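This is what each chain is made of:
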Amino acid sequence: MSDDFAQKGNKIIYETEAKGFNPGLIVLLVVFGILLIFIVGNSVLYYYAQKNLPPRKMKPVSKKKMKRERLKQGVSAPGE
């Protein structure tokens, strides 16, 4: 044992255990993980809603607007 120290001379060898991950890295990974889950979840819900929900009902067009559109197209309104 003393021969080992004699061969190494004055060099001191420090044996340190791994300290683990940097806390800043852990926080960054958690935040990006939550953000990624949020974006993926929203996109899945959006595609599901586009596929399964019925289309929106259009607002009823007033007779006045219908008459104006027909006059723009050059078609006379019925009853005139």
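Treat the numbers as computed from the prediction; the structure is a model and nothing was measured.

Procedures and definitions
- Residues numbered from 1 in each chain as written.
- Predicted model: local features only at pLDDT ≥ 70, side-chain atom pairs only at ≥ 80, totals over all residues.
- Heavy atoms only, no water.
- Helix = DSSP H or I, 4+ residues; strand = E, 2+ residues; numbered from the N terminus.
- Buried < 20%, exposed > 50% of the residue type's maximum accessible area, 1.4 Å probe, protein only.
- Areas by Shrake-Rupley, 256 points an atom, 1.4 Å probe, with all protein chains shown as cover.
- Phe/Tyr/Trp six-rings, centres within 6.5 Å; stacked < 30°, edge-to-face > 60°.
- pLDDT = per-residue confidence, 0-100.

J.: Break down the overall build of the protein chain for me, citing the residues and quoting the values.
T.: Along the protein chain, the regular secondary structure elements total three helices and zero strands. Reading the secondary structure of the protein chain in the N-to-C direction produces α-α-α. For the protein chain, the residues scored as buried account for 1% of the 80 residues in total. Within the structure as shown, the protein chain displays about 8,800 Å² of accessible surface, and the carbon and sulfur contribution to it stands at 64%.

J.: Outline the packing of aromatic side chains, listing residues and values.
T.: Inspection of the entire model under this criterion finds one aromatic pair. When the ring of Tyr46 is compared with that of Tyr47, the centres are 5.7 Å apart and the planes differ by 65°; the resulting orientation is edge-to-face. When its relative accessible area of 59% is taken as the criterion, Tyr47 is described as exposed.

J.: Run through helix 3 (residues 63-73), naming residues and quoting values.
T.: Of all 11 residues in helix 3, zero are buried; the element is thus mostly exposed. Two residues or fewer past helix 3, Gly74 is found with a positive phi of approximately 90°.

J.: Provide a residue-level description of the confidence of the model for the protein chain, including the pertinent values.
T.: Looking at the protein chain as a whole, the pLDDT averages 80, with 75% of positions reaching at least 70. The lowest-confidence element of the protein chain is helix 1 (residues 2-8), averaging 58 in pLDDT; the highest-confidence one is helix 2 (residues 23-52), averaging 95.

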